[in-house]
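Here is what each chain is made of, one letter per residue.
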Amino acid sequence: MGYDRLGSERGGSSRREILQNSQSNEATSSSRRKSTVKVLVIIAAVLIVTAAISVGVLVGVRGRGSGDRITAKPSQAMARTCGKTLYPSLCLSSLLDFPGALSATDGDLVHISVNVTLQRVGKALYTVTDYNNLQMSTIVRSAYDDCLELLEDSMDLLDRSLSSILSGDAGANAQDVMTWLSAALTNQDTCTEGFSDANGPVKDQVTQRLKDLSELVSNSLAIFAATNGGDDFSGVPIQHRRKLLDHRDAVLASTDDDFPKWLSESDRKLLSTPVTPIHADIIVAKDGTGTVKTITEAIKKVPEHSTRRIVIYIKAGTYDEANLKVGKKKTNVMIVGDGKGKTVISGGRSVAEQFTTFHTASFAATGTGFIAKDITFQNTAGPSKHQAVALRIGADHGVIYNCQIIGYQDTLYVHSQRQFYRECDIYGTVDFIFGNAAVVLQKCNIYAQKPMSNQKNTITAQNRKDPNQNTGISIHASNILATSDLEASKGSIPTFLGRPWKMYSRTVYMLCNMGDHIHPRGWLEWSGNFALSTLYYGEYMNTGPGAGLAGRVKWPGYRVIKLETEANKFTVSQFIYGSAWLPSTGVAFLSGLSR
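Note that this is a predicted model, so its numbers are computed, not measured. (Residues numbered from 1 in each chain as written. Predicted model: local features only at pLDDT ≥ 70, side-chain atom pairs only at ≥ 80, totals over all residues. Heavy atoms only, no water.)

Draft legend 1. Summary view of unusual backbone geometry. A positive phi angle is found at Asp431, which is not glycine, with a value near 50 degrees. Along the chain, Asp431 turns up in strand S16 (residues 430-435). Positive phi, normally seen in glycine, also occurs at Leu511, with a value near 55 degrees. Tracing the sequence through the fold places Leu511 in the loop between strand S23 (506-510) and strand S24 (513-514). (Helix = DSSP H or I, 4+ residues; strand = E, 2+ residues; numbered from the N terminus.)

Here it is, written out as structure tokens:
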């Protein structure tokens, strides 16, 4: 996370030194050339598709002459459309640059705005790859590699959004498109923020290439939301004309009818029963009794874009393999261990070693449909190394079940898209559940640990930066606890439920049991009055000595939720729309407000 997240939470320690030109690249020149070729091939393919889509979009839309751009004035449809955005001037100028937009209808401008954004992101990615072989310090290389990954991911998200809109199914799939556009915006923010600790020509060039991209994605999101999603400026989730489930209905087990049509009978059995009696596709065992000895080898064996579940069984042991990742092409992957504390995925990277926070994750997954079960993820960097992620998830429809996630600052990075955590134990100190996914943590044990001297514990740091993003952190029916070392000194070390990393930060606690280590104010400012009137922090029917409301903050954006209809907006069935996809995972979940 960015510079302002360090400050006093680092006990006044100085910025880490920028080593712009003093360190060699992490990767060899050969590997960089391969990476460049790979990215360029991807870009070429996507741009061809984009060009084809552009032609299709403009069928029936009257073009304008080459001289019209100079004197053209926005059409009434453009003025109406751009009036719904946060950046109307940029919206108008970007649409005027698109052939035929002057004659487009309000409906056409929805997909034209996404098309314009997709092309701009593609162009940025294409030009940014030119810097791949330049000499960079560790921190610059880390930020640069993050941006390549995030820009490529954003192109995929925008392309999927555009395809859905052009297919005519955008209304039915509104939540999908909202999720993808929200994630693309988060990607741009993460990319830019990664360079906050860097200086030099590479940062300057990349920053210039990224100019206006976040604003363009924001405009596309606003235009689509206004047309298909409703108004989210009130601070509560967008409603998508879904039938509301009664809060008394608890879905504790799935049936065959709950599974998606494409899921085979064998996959249904695999997901709903213990893995060990069932054949796994790949078995990882350090002693050589499995298919492979390392998780790295196992991930390489996973086919790309799999439409069936690929199960990797990881036998007991500690696996420290330098920041593992299930990439976005590795879809429908399930990793299963022998249990918490038995199968351990470990790493020790931190920002103190000149890595971006995004780059420190011991394990990361971005492939759609990722599931992890019965595993411990940990980052061993320790509190003195500051930001050090144990687990980062950016996978849509990601599920983490019965796992431990252990670290100090920035333990769990719920980066983007829709995620569900069930019966997990999460340990940390500063901002240890953070990110901008639409995420529900249910029946979890959340442990605050003893931080460094002069630090305060903050459980969440949610970074929703745009009022149209359908994101937030919902903590439901969970236990908010203190570890034994914190218990001994909790009187002098305050623990807060969260603080607002970005302007529209959104976090709720519902039906949770809170220990007495929680400060009576409940929530902590980020910096002065920043975001206090635009955030949405809510509490609903929590219990325990830390749940008292008398001393809570009086911020405009804080609310004690009193209506079930409002609380229901943050349940699995409505906030992450789990009734449609969670049953297929085989993980039990509460659809409504029941404990």
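There's more to say after this.
Draft legend 2. Representation of helix H7 (residues 174-194). The end-to-end C-alpha distance of H7 is 30 Å, a good match for the 30 Å that 21 residues give at a rise of 1.5 Å each. With respect to burial, H7 is a largely interior element, 18 of its 21 residues being buried. (Expected span 1.5 Å × (residues − 1). Buried < 20%, exposed > 50% of the residue type's maximum accessible area, 1.4 Å probe, protein only.)

Draft legend 3. Spatial organisation of the sheet that holds strand S3 (residues 317-320). Strands sit in the order S3-S6-S9-S12-S15-S18-S21-S24 across an open sheet of eight strands; the sheet is parallel. On the outer flanks of this sheet lie S3 and S24, each paired with one strand and no other. Judged from the three bridges that link them, strand S9 (residues 376-379) and strand S12 (residues 404-406) form a sheet pairing that is parallel. Following the sheet pairing, Gln378 is matched in S12 by Ile406. (Pairing = 2+ DSSP bridges.)

Draft legend 4. Inspection of the pattern of salt bridges at higher detail. Throughout the structure, instances matching the rule amount to 18 salt bridges. Put simply, Lys502 and Asp189 hold a salt bridge, and the shortest N to O gap is 2.4 Å. Taken together, the positions of Lys502 in the loop between strand S22 (495-498) and S23 and Asp189 in helix H7 put the pair 313 residues apart, joining distant regions of the chain. Residue classification places Lys502 among the buried positions, given a relative accessible area of 12%. (Salt bridge = Lys/Arg side-chain N within 4 Å of Asp/Glu carboxyl O.)

Draft legend 5. Spatial organisation of the pairing of strand S14 (residues 418-422). Within S14, five of the five residues are buried, which leaves the element mostly enclosed by the surrounding structure. On S14, burial covers both faces: Arg418, Phe420 and Arg422 on one face and Gln419 and Tyr421 on the other are all buried. Across four bridges, the pairing between strand S11 (residues 398-401) and S14 is parallel. Within S14, the residue paired with Tyr401 across the bridge is Arg422. Bridging between S14 and strand S17 (residues 438-442) involves five bridges; their strand directions are parallel. Counted as the bridge partner of Arg422 is Gln442 from S17.

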